[in-house]
Amino acid sequence: MSRIGKAIITIPAGVTITENNGVVTVKGAKGELSQELTAGITLEQKDGELNVNRPSDSKQHKALHGLYRALIANMIVGVSEGFEKKLELVGVGYRASHSGQKLELALGFSHGIVLELPSEVKVDTLTEKGKNPIITLTSHDKQLLGMVTAKIRSFRKPEPYKGKGVRFVGENVRRKAGKSA
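Residues numbered from 1 in each chain as written. Predicted model: local features only at pLDDT ≥ 70, side-chain atom pairs only at ≥ 80, totals over all residues. Heavy atoms only, no water.

The name given to the chain in an unreviewed UniProt entry is Large ribosomal subunit protein uL6, with Chryseobacterium gallinarum as the source organism. Entered under Subunit (unreviewed entry) in the UniProt record, the comment concerning the chain runs "Part of the 50S ribosomal subunit." Under Sequence similarities (unreviewed entry), UniProt gives the following word-for-word description of the chain: "Belongs to the universal ribosomal protein uL6 family." (UniProt positions renumbered as here; feature names shortened; annotations may be inferred.)

Structure follows, in structure tokens:
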């Protein structure tokens, strides 16, 4: 029994959902997203609410029921409100700057890292004296935003001894004790 799949999604004002040939398209103020539905999953829309239905109670259909309900709910939130992730660069000499859709990072390597961001992701960098640089990424696509933040984080993951690296704002890094003399 998929409890997530059974939950009803409320559709905010200004968001339209269309389904044709197994492809769900969600349009809103921030943009447009589409997702292909498989395994006979159907949508039922009435009175500003959306219900996701599955054809049978097989294990595969139960799993996909909850998955597609969550994906569609994230699409609705994305096109109406959008998503935001903040990354913090912890380390001496770590810097971030942006120009258009290019993010330039200095993470302690002998060379700088230049990352070309997709057009759906908006970037902003904040550098204040005495504080760690912060990269703010916003998008209407949660999956794409997660992939971009994971790529940036993979350049220099937080290490456990000094805590240096790229981390999410507010993330707790487990610290290890160094060698005791």
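In this section: the packing of aromatic side chains. Evaluated as defined, the whole model comprises zero aromatic pairs. Taking NZ or CZ as reference, R156 lies 4.3 Å from the ring centre of F109, over its face. (Phe/Tyr/Trp six-rings, centres within 6.5 Å; stacked < 30°, edge-to-face > 60°. Lys NZ or Arg CZ within 6 Å of the ring centre and 35° of its normal.)

Turning next to the pairing of strand β7 (residues 83–90). Strand direction decides the pairing type here: β7 and strand β12 (residues 134–139), joined by six bridges, are antiparallel. Considered in β12, the bridge of E84 is made with T138. (Pairing = 2+ DSSP bridges. Helix = DSSP H or I, 4+ residues; strand = E, 2+ residues; numbered from the N terminus.)

What follows covers the pattern of salt bridges. Taken as a whole, this structure holds four salt bridges when the rule is applied. Here K46 ties to E44 by a salt bridge, and the two come within 3.5 Å at their closest N and O atoms. Here K46 falls in the exposed class, since its relative accessible area comes to 53%. The class for E44 is partly exposed, based on a relative accessible area of 34%. Note that R54 and D57 form a salt bridge whose closest N and O atoms lie 3.0 Å from each other. (Salt bridge = Lys/Arg side-chain N within 4 Å of Asp/Glu carboxyl O. Buried < 20%, exposed > 50% of the residue type's maximum accessible area, 1.4 Å probe, protein only.)

We now examine the UniProt feature "domain: Large ribosomal subunit protein uL6 alpha-beta" (unreviewed entry) in the chain. Here the UniProt-annotated "domain: Large ribosomal subunit protein uL6 alpha-beta" (unreviewed entry) positions come out as residues 11–82 and 90–167. Helix makes up 31% of residues 11–82 and strand makes up 35%, while its end C-alpha atoms are separated by 15 Å. Between the C-alpha atoms that bound residues 90–167 the distance is 8 Å, and the span itself is 17% helix and 37% strand.

In this section: the layout of surface pockets. Quantified by volume, the largest pocket comes out at close to 170 Å³. Lining the largest pocket are L33, S34, Q35, L71, N74, M75, D141, K142 and Q143. Listing elements by their share of the lining of the largest pocket, those giving two or more residues are β4 (32–36), α2 (59–80) and α3 (142–154). Looking at the lining of the largest pocket residue by residue, the class counts come to three nonpolar, four polar and two charged. (1 Å grid on protein atoms, 1.4 Å probe; cavity = no way out; pocket = protein on both sides within 12 Å on 5 of 7 lines; lining within 4 Å. Points joined across faces, edges and corners; volume = space filled by probe spheres on them. Nonpolar A, V, L, I, M, F, W, Y, C, P; charged D, E, K, R; others polar.)

Let us look at the sheet that holds strand β9 (residues 102–106). Ordered by their spatial adjacency, three strands build an open sheet running β8-β9-β10, and the pairing between neighbours is antiparallel. Single-partner strands in this sheet number two, and they are β8 (95–99) and β10 (113–116). Looking at each pair of strands side by side, their axes are set apart by 20° on average, direction ignored. (Axes fitted to C-alpha atoms, helices over the stretch in contact; angles between N-to-C directions.)

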